[in-house]
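Structural overview for review
One-letter residues, chain by chain:
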Amino acid sequence: MNILFIMYDQLRFDYLGCAGHPHLETPNFDRVARMGVRFTNAYCQSPICGASRMSFYTGRYVSSHGAQFNGYPLRVGEQTLGDHLRKAGMGCWLIGKTHMKVDAEGMARLGLERDSVIGARQAECGFDAWVRDDGLWAEGPDGFYDEKRSPYNEYLKSRGYPGDNPWAQYANAGVDAEGQIASGWMLSNTDQPANIREEDSETPWLTRQALAFMEETEGPWCAHVSYIKPHWPYIVPAPYHAMYGPNHVPAATRSEDERRDTHPVFDAFLSGKVAEAFQREEVRQKVIPAYMGLIKQCDDQLGLILDRLEDSGAIKDTMIVLTSDHGDYLGDHWMGEKDFFHDPSVKIPMIVYDPRPEADATRGTECAQLVEAIDLAATFIEAAGAEVPGHVVEGRSLMPWLRGECPDWREVVISEYDYSLRPFGETLVGSSADARLFMVFDGRWKLIHAEGGMRPMLFDLETDPDELNDLARQPGHEDQIARLRGHLAKWGLRMSQRVTRSEADIAAMRGKSARKGILLHLYDGSEVPQELTRAYRGKAEARFAPPDEG
């Protein structure tokens, strides 16, 4: 069986037709949901691109793999999907974005060259790269944000788009009334059509790369098709720019009460430039229709992939997974972007289609169990026919739920956020080691714990599904706070770094040293079977004369 693992960057869990969006129709996302299972309580391990993705690719929590923010290298030797799946006889390919930073120092220390097979895989997060393009070709006075070559930019140049960076000048910019570049970085321009032929924009380009891969590559394979959109810059080509308007923009989910007695870290985010931009209603009125247009384009391109799979018959032996690395506040809770733990940011869409007959009973259903992003790595390993190495992969396979079984399952989901690189990372706490946040959610109660001696935040999603009332601002819920902190403490004591020995290895090793002659503190040897002391018994030959006592 093959695995088609599709990720859409910054796609909110509730901006899909099958998730109940009132205006946005996504027939192809819905099509996969009818074929498989939609997990309605899926959460990412961190609401920031790089950290979240490294958890997807390793099956491990952020504090386990250590790449806790964008630009933090994933250390050499960290096992990834590619390592696990190749061991099971399945190739593992990248088509699009990973946001992975290579551990160049670690590679140099071990003498790994990037042009070697193992070096290339270490540099590409364990994948074999069909095409990698992280899709953020921003340019400023100090150069490019991403210093690697952009395959997409090279494609645009081949199609006649001029300049050194047509990604910025055409794919992510419109044209204003004076004929000047209307950059998508400026939110006032996001209602403009991108100055590019729709078929040349990023999402169709990556779709063609995926279709070419499926046409040319023989299985079994796992293909990670990783789109940059609907991530900002929020600008989309015609006709998608005009499909939605202010009448499709919902009222922001926020209240003035949220800004009363606000938690210090949350208050710091609310005072930042991103939040201030999305606190302006004119920004929401322009950005959200563009965001919806980007999603609609993604859905149309997904349809092309599904049609190809169906026409070729490959749909019968291809697992399909649709998900996102995190969400987007879009002005909810007075916030923009992600970076915190309200559901619009940390909850993710997750739809899984398993073509095998064992999954027939669950087709078109929803599963409300608490699911984590790291569960996909375990799911893929089991789908490839291998045993999940539980001493390495911390996620749990979703295969039982796909088969209609009811396994013993987790009580809480955990997410982490390291804000030490934020401007307030050095003002709110005394040490960057304390610039950390943790979310614990049990399906009803959500606790946000902040290191550095600050109070927590607490939400009851049963009585307050929009998470507007921070109950930890006043006394009365100490029992729930203590209970959830207990879950966090238990999670913090997990065995996460003993990755070179499995439970089976340990069982096989236990007591073996005695059979190799390590016999500690015996009095006369009668305490153990005679065979263990055989090498130490027998007639001795006197090789040296005793000392002359005269």
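Look above for the structure.
In this text the structure is predicted, and so the values were computed from the model without any measurement.

1. So, the overall build of the protein
From N to C terminus, the protein includes 18 helices and 19 strands. Here the protein has a C-alpha radius of gyration of 27 Å; the compact-globule value for 550 residues is 24 Å, and the two agree. For the protein, the residues scored as buried account for 55% of the 550 residues in total. The long-range share in the protein, meaning contacts at least 24 apart out of those at least 6 apart in sequence, stands at 70%. A total accessible area of about 24200 Å² is found for the protein, and carbon and sulfur atoms account for 50% of it. If you average the places of the 59 positive and of the 84 negative side-chain charges in the protein, the two averages end up 4 Å apart.

2. Some points on the packing of helix α1 (residues 27–35) against helix α12 (residues 281–312)
Taken N-terminus to C-terminus, the directions of α1 and α12 make an angle of 50 degrees; their axes are 7 Å apart at the nearest point. One way to sum up the angle between α1 and α12 is to call them oblique. Residue-level inspection shows Pro27, Asn28, Phe29, Arg31 and Val32 of α1 in contact with α12, the latter providing Lys296, Asp299, Asp300, Leu302, Gly303, Leu306, Asp307 and Glu310.

3. Considerations on the sheet that holds strand β12 (residues 347–348)
The three strands are arranged β12-β3-β15 in an open sheet whose pairing can be described as mixed. Across the chains shown, the open sheet's two edge strands, defined by having one partner strand only, are β12 and β15 (371–372). By the bridge criterion, two bridges tie strand β3 (residues 42–43) to β15 in an arrangement that is parallel. Counted as the bridge partner of Tyr43 is Glu372 from β15.

4. Looking at the environment of Ser201
Mapped onto the elements, Ser201 comes out in the loop between β9 (181–183) and α9 (202–216). Non-local contacts of Ser201, meaning those with residues more than four positions away in its chain, are made with Tyr152, Ile196, Pro237 and Gln297. Within polar-contact distance, the side chain of Ser201 engages the backbone oxygen of Glu198 at 2.7 Å. Side chain to side chain, Ser201 and Gln297 meet in a polar contact 2.9 Å long.

5. A short note on the side chain of Asp328
Relative to the helices and strands, Asp328 is located in the loop between β11 (318–324) and α13 (343–346). Polar contacts involving the side chain of Asp328 include one to the main-chain amide nitrogen of Leu330, which spans 3.1 Å. In this view, Asp328 contacts Gln10, Arg12, Tyr234, Tyr291, Glu337, Pro344 and Ser345; residues no more than four positions away in its chain are not counted.

6. Here's the deal with the packing of α9 against α12
Contact geometry for α9 and α12: axes closest at 10 Å, N-to-C directions at 15 degrees. Judged by the angle between their axes, α9 and α12 are roughly parallel. Read as a crossing pair, α9 and α12 show a hand that is right-handed. From α9, Thr203, Pro204, Thr207, Ala210, Leu211, Met214 and Glu215 reach across to α12, where they touch Gln297, Cys298, Gln301, Leu304, Ile305, Arg308 and Leu309. The class makeup of the residues in the contact of α9 with α12 is eight nonpolar, four polar and two charged.

7. Remarks on the pairing of β11
Where burial is concerned, most of β11 is hidden: seven out of the seven residues are buried. Burial along β11 is two-sided: the face carrying Thr318, Ile320, Leu322 and Ser324 and the face carrying Met319, Val321 and Thr323 are both buried. Where strand β1 (residues 2–8) meets β11, seven bridges bridge the pair, whose relative direction is parallel. Following the sheet pairing, Leu4 is matched in β11 by Ile320. Pairing between β11 and strand β13 (residues 350–353): four bridges, direction antiparallel.

8. A look at the packing of aromatic side chains
This structure, assessed with the given rule, holds 29 aromatic pairs. Plain terms: the ring middles of Tyr152 and Trp205 are 5.2 Å apart, the flat faces sit at 55 degrees to each other, and that makes the pair tilted. Of the two residues, Tyr152 sits in helix α7 (residues 151–158) while Trp205 sits in helix α9, which places them 53 residues apart along the sequence. Judged by relative accessible area, which is 1%, Tyr152 ranks as buried. Ring centres of Phe340 and Phe341 lie 5.9 Å apart, and the angle between their planes is 40 degrees; on these two criteria the pair is classed as tilted. The same class applies to Phe340 and to Phe341, which are both buried.

Procedures and definitions
- Residues numbered from 1 in each chain as written.
- Predicted model: local features only at pLDDT ≥ 70, side-chain atom pairs only at ≥ 80, totals over all residues.
- Heavy atoms only, no water.
- Helix = DSSP H or I, 4+ residues; strand = E, 2+ residues; numbered from the N terminus.
- Rg over C-alpha atoms; globule rule 2.2 N^0.38 Å.
- Buried < 20%, exposed > 50% of the residue type's maximum accessible area, 1.4 Å probe, protein only.
- Contact = heavy atoms within 4.5 Å.
- Areas by Shrake-Rupley, 256 points an atom, 1.4 Å probe, with all protein chains shown as cover.
- Lys, Arg positive; Asp, Glu negative; His and termini not counted.
- Charge placed at Lys NZ, Arg CZ, Asp CG, Glu CD.
- Axes fitted to C-alpha atoms, helices over the stretch in contact; angles between N-to-C directions.
- Parallel < 35°, antiparallel > 145°, perpendicular 65-115°, else oblique.
- Pairing = 2+ DSSP bridges.
- Polar contact = N/O pair within 3.5 Å; in protein donor to acceptor, adjacent residues only side chain to side chain.
- Left-handed = near helix turned anticlockwise from the far one by under 90°.
- Nonpolar A, V, L, I, M, F, W, Y, C, P; charged D, E, K, R; others polar.
- Phe/Tyr/Trp six-rings, centres within 6.5 Å; stacked < 30°, edge-to-face > 60°.

By themselves, these are just geometric observations and shouldn't be taken as functional.
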